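If you want the building blocks of each chain, they are given just below.
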Amino acid sequence: MAIITIIPAMAGIIGTIITITIIIVDMATIITDKIYISIPKARAGQALQIGNAFLLSLIFLLPGCFSPARSAPSIEETQNAKVPISGIYYFGYQGLDLDKIKETVPLKINDKVDTMSLLQKRDQYFKDTIDLVGKPLTDVALVSTLNGSVLFIGLPGKSNSEMQTYLPVGKKRVSPPAEIAKTYREYMAKLTPYLQAPDQKKKLEMKSLQEQMKQQSISKRAELRRSLLESSDGLDRGVAAYALGLVAMEPADFEALTRAANDSSSLVRNNATRELGELIQAKPELAAKVPAHAIETYVDMINSRTWTDRNKAIFMVIDLTKTRNQKVLALLKAKALPSLREMCLWPEGYAQPALQLIGRIGGIPATELDKMVEQNKTDEILKSVSVPL
């Protein structure tokens, strides 16, 4: 199932483009300056998987750039979309009075939200909250989980910070190879219909297109690296990050993906971090090759003002600390404990990675920690470390 939300647009290829957020079931996200889509990273047995198929959808919004997805909802339909809220959660509130903030939030559990109105008129919706904290909210994300639609609200407290450094953006467009972009568009055109009504035939089509993209990308890694690191266009860089992640095998590929964690585009950070995480999951020995500057970036992303940065970074850091890497755990303890504590109070499927990380920081043995996380022993895990409030 997919929940569609609308967030404020920015001027783009076709003038003012409506930005759409889709967040599906669990935890993996893809963003672009023009389209914002969150597709969860499935837990075993709980969601359909198509290999690494977590990509941009709703491409019908960009005529001339993407092919239309026939079964995708129209803009008129998404404008009128109303979804019930099953939970409201927060991040970035260290140093703020969360109880008072909750009293100012106009939305309650089971309220049905007009998604267009919510995210286009965010400041109006949350005027009382903004007046109380004295600053704008940093993010609002509506996410569809196994138990309903959940609202994540970013607050401007001490545990919320802007990324420290961004790579300079190229001065000219360096597009990824045309055949890869074409396959990517075809894949995108089929993704939304597949997610709306999955079946074996569609699944095989998706896998076939992804395999085609891999085959096209194997001999084009140098071009993909150049597009990823040099193009002035964020969407180019995002496509390149995804395609390169499918076929990365050389140190230069790995380096490009780690550097892209500092890209100014959310899409690029998201795709590069997710794909690098997939590589490390498949080959855990690669974790030792992630440079220190990239590790610091992933930790900074856990404190990001943007929910999707936090969502993606925490899975990367989970992979980097499976061996209880003490340097990474010390960095997390020094910089990210308040944010991790906030995530521990998020709903099932979103809290578990943070609980794992805090338990690792606190030195809880792996087998014992796995059982505690499975049994949702949040308070006991939090007691293993001293977390500033």
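The structure displayed is predicted, hence computed values, not measured ones.

Draft legend 1. Quick peek at the side chain of D233. Here D233 shows up in the loop between helix 8 (221-230) and helix 9 (234-247). Taking relative accessible area as the criterion, D233 reaches 19% and is therefore assigned buried. One polar contact links the side chain of D233 to the main-chain amide nitrogen of L235, over a distance of 3.0 Å. Within the structure, D233 has its side chain in polar contact with the backbone nitrogen of D236 (distance 2.8 Å).

Draft legend 2. Local environment of the environment of K214. With respect to the helices, strands and loops of the structure, K214 is situated in helix 7 (residues 200-218). By relative accessible area, which is 25% here, K214 ends up partly exposed. Residues K214 and A243, 29 residues apart in the sequence, show an inter-C-alpha distance of 7.1 Å. Look past the residues within four positions of K214 in its chain and what remains in contact with it is L246 and V247.

Draft legend 3. Here's a closer look at the nonpolar core. F152, L228, Y298, L332 and L340 are the most contacted members of the largest nonpolar core, which totals 79 residues. Considering every element that reaches this core, the biggest residue donor is helix 9, with nine residues. Of all hydrophobic cores here, the second largest spans 21 residues; its members include F126, L137, I153 and L155.

Draft legend 4. Inspection of the confidence of the model for the protein chain at higher detail. The predicted model of the protein chain averages 78 in pLDDT, with 76% of residues at 70 or higher. Overall, residues 1-80 carries pLDDT values under 50, and its contacts beyond four positions in sequence, including any with other chains, amount to 246 contacts.

Draft legend 5. A look at helix 14 (residues 326-335). Of the positions making up helix 14, those classed as buried are V328, L329, L331 and L332. Buried residues along helix 14 cover an arc of 160° about the axis, so they all sit on one side. With respect to the buried face of helix 14, the exposed residues turned more than 90 degrees away are Q326, K327, K333 and A334. Tucked inside the fold, the buried residues of helix 14 contact helix 12 (292-302), helix 13 (307-320), helix 15 (337-344) and helix 16 (352-361). Two or three places before K327, at the start of helix 14, stands the capping residue N325, its side-chain oxygen 3.0 Å from that residue's backbone nitrogen.

Calculation notes
Residues numbered from 1 in each chain as written. Predicted model: local features only at pLDDT ≥ 70, side-chain atom pairs only at ≥ 80, totals over all residues. Heavy atoms only, no water. Helix = DSSP H or I, 4+ residues; strand = E, 2+ residues; numbered from the N terminus. Buried < 20%, exposed > 50% of the residue type's maximum accessible area, 1.4 Å probe, protein only. Polar contact = N/O pair within 3.5 Å; in protein donor to acceptor, adjacent residues only side chain to side chain. Contact = heavy atoms within 4.5 Å. Core = buried A, V, L, I, M, F, W, Y, C linked by side-chain atoms within 4.5 Å. pLDDT = per-residue confidence, 0-100. Arc of directions from axis to C-beta.

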